[in-house]
Structure formats: structure tokens, C-alpha cells
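A look at the structure
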Amino acid sequence: MRTPKKPALRPTSRPADRRGDDEIWPRVTRELADDLAFDAPARDRAGKPPFDEVARLQEAGLPALLAPPGPGGRGTDWRAACAVIREISAADSSIGELLAHHHALTWTARFLTGGAASVAASEAPAPASEPYGSFEGATAGRLLAGGIEPSRGPGEPGLTLTPAPGGHVLQGRRSFASGVSVADRLVVGARCTETGELLVALVDPADPAVFTEPAAERTGQRLAGAGTVTFDQVRVDARNVLGSLPRDEHAVPPFTTLAPLALRLLLVHVGLGIAEGALAEARDVSRATRAVPRHLARSAGSRAGASDDPFDDGFGREDPFLLLAYGELATSAHAAAAVVERATDALARGLTAGDVLGVEERADIAVLVAAAEAVTSRAAVRITSRILELVDTAEPAGVPGGGPGFDRFWRNARALTARTSAAHRMRDIGDHYLHGTRPGLRLLA
């Protein structure tokens, strides 16, 4: 939660070389968020692919940090990763979404192995022969993008993998919500043409047979790096086929089904960051435009606006309607944060449990994630809509970044929350609360 200000000097040392638990990371994240907030309105209006923003992320070392915890202090724990994404989203939610997809995808190999690998990899280096070992070695410090679920776009047949000597051949075209225009590696799901299984593959977007088209101008989340990727007979080595998703979801280890919940909760943190960032900037604008110290008025010989109200501290904050509005919005943000933190703690425990995670525990996590989605999506839209009425949205000349640009918070919140239905989440929560029905063990978001 911040007001845009002059960006701090970027670190001259290499943060990526630091351990994930090093105390430098909160400072690096805060400085990067300040840097992004400074010119966020101007960059949002330009709507260009986020090459410069990704360079800032790489310079700060966040792609390396936002990976599962490993030996030697590599990566970071779930709660810390969520805090980083939330703080970056308060400054620029498009970049927050990009990091959310990246972090969810860094867990891919561990989810596919069912949980035992997750516990082992956090304690000792993974052998290169293991899927999670080769995957995490190949993607360390690289920005990931893509998606495992089949294409849902109109007119998109999806992706296929055809067995070939030494691997597979990837063919097809599909759109992705984030990161594909700037990613270092793509993680994609594709149907095997022989078995019908949904395979998960790692692809280099620099391959000459991979063609990426940035998305056309979007209403919100303009800098998330969305786009459409065409794979024209792309060779995929056997070692880059990470695994498959079983057809029978009921036979899947509960740990594996945490994958869609992880991405959903990370995007909830992006939404919460939008709400908190919008509210903080609106508060600071209201303070600057309304807080006229009364001692200055008295020194000018004027008693206009003086008040005997004991709650009036002399700084122009006596407007009860303004105070009521900010009180309601702040309470809404605090309530959403409390629900999100509870879901975050529950999912962190599930990730730590690994293959001993039970079906009931997974169901409880799913309900908490659904509650966080429902509460946060409504809070984000409400807060970002209401602040447009509370602040002067004019954009005076000479303001860094071209003016306040408060509409971007509303557009980003709408674009992010339009992908899920709060009503559907509430129905699942109600069914669980009333009848004890467990949410389905879905493999896809």
C-alpha cells in the first residue's frame, strides 16, 4: 500500500544470489514496488508488452526467489511468496499477475509427483534424473508462463503432442492470460494423440517454431503479457515432458489437486493488492487535497471553518461522509485480508504436508480458497469503484506518470475478477457448510 514516489536506487549487488530467507528480500520487494508505482499510470496507458518491467524483476531477482523452497536456501516459502506478489500487485497488478502465474508454474513438477518429491526436494538436491530435479534445474531464475488446462477460447482446437523418436512433437495454437509475450520458458498442457492423456511439457519460446502474438488492447491488466502462441511442429525432448494428469481425478493424490487452488489463491492476492493499493493512493490524495491546517488559516486572520468538535484535530478531517466512506472501505479491505490470510496459512500447511495430505484437509483448503476468492473479488470491485467518487480524478499537468490514473485500479479489478464467479464459490461454500459436501478434487482451475 503506497503512494507513487521517486524510485529508489536499485540494488547493485545480485539479490538472486541471496538465500530465500535472507532479510534483504522485503527491502528489495518494497523498493521494486515503489519503482513500479512511480510510473504505473503512464505504463498502463501505453499498454506495451512488459519487457522493461520483466527486466526490473530479473534485476531484483524475484523470478529466482518465487520458486518452491529447496536446499541451500533456494526459493521461498508459500507465505513469503504470497506477500511479495501482494505487495507488487498493490503497485502494478499486471506485474503481480505475471508473478502469480510464474510462481504457480514453478510448483508444476512437484504437484505432478504427488507430494513426496516436494518434501524431499526441500531437504536435499534433487537428482537430475527425477522430473522435479531436471525441471527446477532448467527453470531456475527463469520467468515461466503458460497454462496446463486445455484451451477454452473460441476457435482454438488446443494443443497436441504426437509421439516421435526421443520425445514428442507439439502442435496447435492457444491463448494465455499472462506472461507469454515475455517468458523465458513455457509450461503447457497438450493432449497426446495416441493415448488421449493430458501431458505437461516445458517449451522454449525462443524455438523458431514457436510464434507469439501479444494480445490486442485490453480493458484491464494490460501489462500482464497476455497473448496467443502458435506451436508449429515443435520438437519436445522426452526429458521436457514433465508428466501427465490422470483421467480419473478421484485416483489422484490430494496434494496434486492443490495445483489449481495454488493459482487461484495467488490471483486472490493480486486482487487484494489492487484493493489495498487503490485505497492507499486514494487516502493520500484525499489527505493532500482536503487537509488544510487550521493554524495556517488563523495566521491569515481567518476563522473560517473553525470547529469546536473535540474530534476535529484542526486538519480538515471533519467531513463525516468522507470519514464514513473511508471507514467502510478500510473495513472491507481488512476483512478480505483476514480471510485471505487464513486461506494462505491453510494452503501453506497443505504444501508442507506433501503426500500425507488427506482428502478432508484438501477439502477444507478448497473451501477457504473459495471464501477468499468470493470476499476479495467483491471487495476489490467495490473499493476501486468507490474511490473514483472520493478523489479528484483530474490529471493535472506535471504530475509524475501523467496523473493519478485511478481508473486503472477499477479496470484491473474488473478484468481479474471477471474470470471467476463469486456466486458459484458461495454456492460451493454453502453446500459444504450445510451438508458437509466436499468440493471436487479438480485437477484444473
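This one's a predicted model, so the numbers in the text were calculated from it and none came from an experiment.

**Comments concerning the side chain of S332**
Secondary-structure assignment places S332 in helix α12 (residues 320-353). Among residues more than four places away in sequence, those in contact with S332 are A379, R382 and I383.

**Looking at the pairing of strand β7 (residues 227-237)**
With nine bridges joining them, strand β3 (residues 167-176) and β7 adopt antiparallel strand pairing. Residue pairing across strands places L170 opposite V234, the latter belonging to β7.

**Section: the pattern of salt bridges**
Taken as a whole and judged by the stated rule, the model has 27 salt bridges. Among the salt bridges present, the one from D44 reaches R411, with a minimum N-O distance of 2.5 Å. One end of the pair, D44, is in helix α2 (residues 40-46); the other, R411, is in helix α14 (residues 407-417), with 367 residues separating them in the sequence. Across the pair, exposure class does not vary: D44 and R411 are buried alike. As a salt-bridge pair, R408 and E281 come within 3.2 Å of each other at their nearest N and O atoms. Taken together, the positions of R408 in helix α14 and E281 in helix α10 (residues 258-290) put the pair 127 residues apart, joining distant regions of the chain.

**Here's the deal with the pairing of strand β5 (residues 198-203)**
Burial runs high along β5: six of the six residues are buried. With burial as the criterion, each face of β5 is covered, one bearing L198, V200 and L202 and the other bearing L199, A201 and V203. Both strand β4 (residues 185-192) and β5 contribute to a ladder of six bridges, which runs antiparallel. The residue of β5 that forms the bridge with A190 is L199. Connecting β4 to the next strand, β5, in antiparallel fashion are five residues, including G196 with a positive phi near 80 degrees. Relative to strand β8 (residues 241-245), β5 runs antiparallel, the two being bridged by four bridges. Across the sheet, the residue bridging to L199 is S244, located in β8.

**Section: the nonpolar core**
Residues L62, W78, I88 and L258 are the most contacted members of the largest nonpolar core, which totals 74 residues. For this core, the element with the highest residue contribution is α10, accounting for 15 residues. Look past the residues within four positions of W78 in its chain and what remains in contact with it is H103, W107, A262, L265, L266, T344, L347, A348 and L351.

**A word on the confidence of the model for the protein**
Here the protein averages 83 in pLDDT, and 78% of its residues register 70 or above. Scored below 50 in pLDDT, residues 6-14 shows twelve contacts in the model against residues more than four places distant or in partner chains. pLDDT under 50 marks residues 394-403. Its contacts with residues more than four places away, or in other chains, come to 15 contacts.

**Observations regarding unusual backbone geometry**
Notably, Q221 is not glycine yet its phi reads approximately 50 degrees, a positive angle. By secondary structure assignment, the location of Q221 is in the loop between β6 (210-214) and β7. The class of Q221 is buried, set by a relative accessible area of 0%. A positive phi is found at Q233, a non-glycine position, where the angle reads about 55 degrees. Inspection of the secondary structure assignment puts Q233 in strand β7. Residue classification places Q233 among the exposed residues on the basis of a relative accessible area of 51%.

**Re the packing of aromatic side chains**
For the coordinates displayed, the defined rule picks out three aromatic pairs. Relative to F409, the ring of F406 lies with its centre 6.2 Å away and its plane at 40 degrees, an arrangement referred to as tilted. An identical accessibility class is assigned to F406 and F409; each is buried. In this structure, R110 packs its charged tip against the face of W107, placed 5.7 Å from the ring centre. Its end group placed over the ring of F409, R408 keeps NZ or CZ at 4.2 Å from the ring centre.

**Here's the deal with the packing of helix α1 (residues 24-38) against helix α3 (residues 51-60)**
Describing two packed helices takes the angle between their axes plus the distance from one axis to the other. Where α1 meets α3, the closest approach of the two axes is 10 Å, and the angle between their N-to-C directions is 165 degrees. Between α1 and α3, the crossing angle belongs to the class labelled roughly antiparallel. Two packed elements cross with a definite hand, and for α1 against α3 that hand is right-handed. Residue-level inspection shows W25, V28, L32, D35 and L36 of α1 in contact with α3, the latter providing E53, R56, L57 and A60.

**Comments concerning the packing of α1 against helix α5 (residues 78-91)**
Relative to each other, α1 and α5 sit at 20 degrees, their axes nearing to 8 Å. The orientation of α1 relative to α5 falls into the category roughly parallel. Two packed elements cross with a definite hand, and for α1 against α5 that hand is right-handed. On α5, the residues that touch T29, R30, L32, A33, L36 and A37 of α1 are V84, E87, I88 and A91. Here the residues of the contact of α1 with α5 sort into seven nonpolar, one polar and two charged.

**Section: α3**
Among the residues of α3, E53, V54, R56, L57 and A60 are the ones counted as buried. The buried residues of α3 all sit within an arc of 155 degrees when viewed along its axis, so they share a single face. Buried residues along α3 sit in contact with α1, α2, α4 (62-65) and α6 (93-106). A positive phi of about 85 degrees marks G61, the residue just after α3.

About the criteria used
- Residues numbered from 1 in each chain as written.
- Predicted model: local features only at pLDDT ≥ 70, side-chain atom pairs only at ≥ 80, totals over all residues.
- Heavy atoms only, no water.
- Helix = DSSP H or I, 4+ residues; strand = E, 2+ residues; numbered from the N terminus.
- Contact = heavy atoms within 4.5 Å.
- Pairing = 2+ DSSP bridges.
- Salt bridge = Lys/Arg side-chain N within 4 Å of Asp/Glu carboxyl O.
- Buried < 20%, exposed > 50% of the residue type's maximum accessible area, 1.4 Å probe, protein only.
- Core = buried A, V, L, I, M, F, W, Y, C linked by side-chain atoms within 4.5 Å.
- pLDDT = per-residue confidence, 0-100.
- Phe/Tyr/Trp six-rings, centres within 6.5 Å; stacked < 30°, edge-to-face > 60°.
- Lys NZ or Arg CZ within 6 Å of the ring centre and 35° of its normal.
- Axes fitted to C-alpha atoms, helices over the stretch in contact; angles between N-to-C directions.
- Parallel < 35°, antiparallel > 145°, perpendicular 65-115°, else oblique.
- Left-handed = near helix turned anticlockwise from the far one by under 90°.
- Nonpolar A, V, L, I, M, F, W, Y, C, P; charged D, E, K, R; others polar.
- Arc of directions from axis to C-beta.

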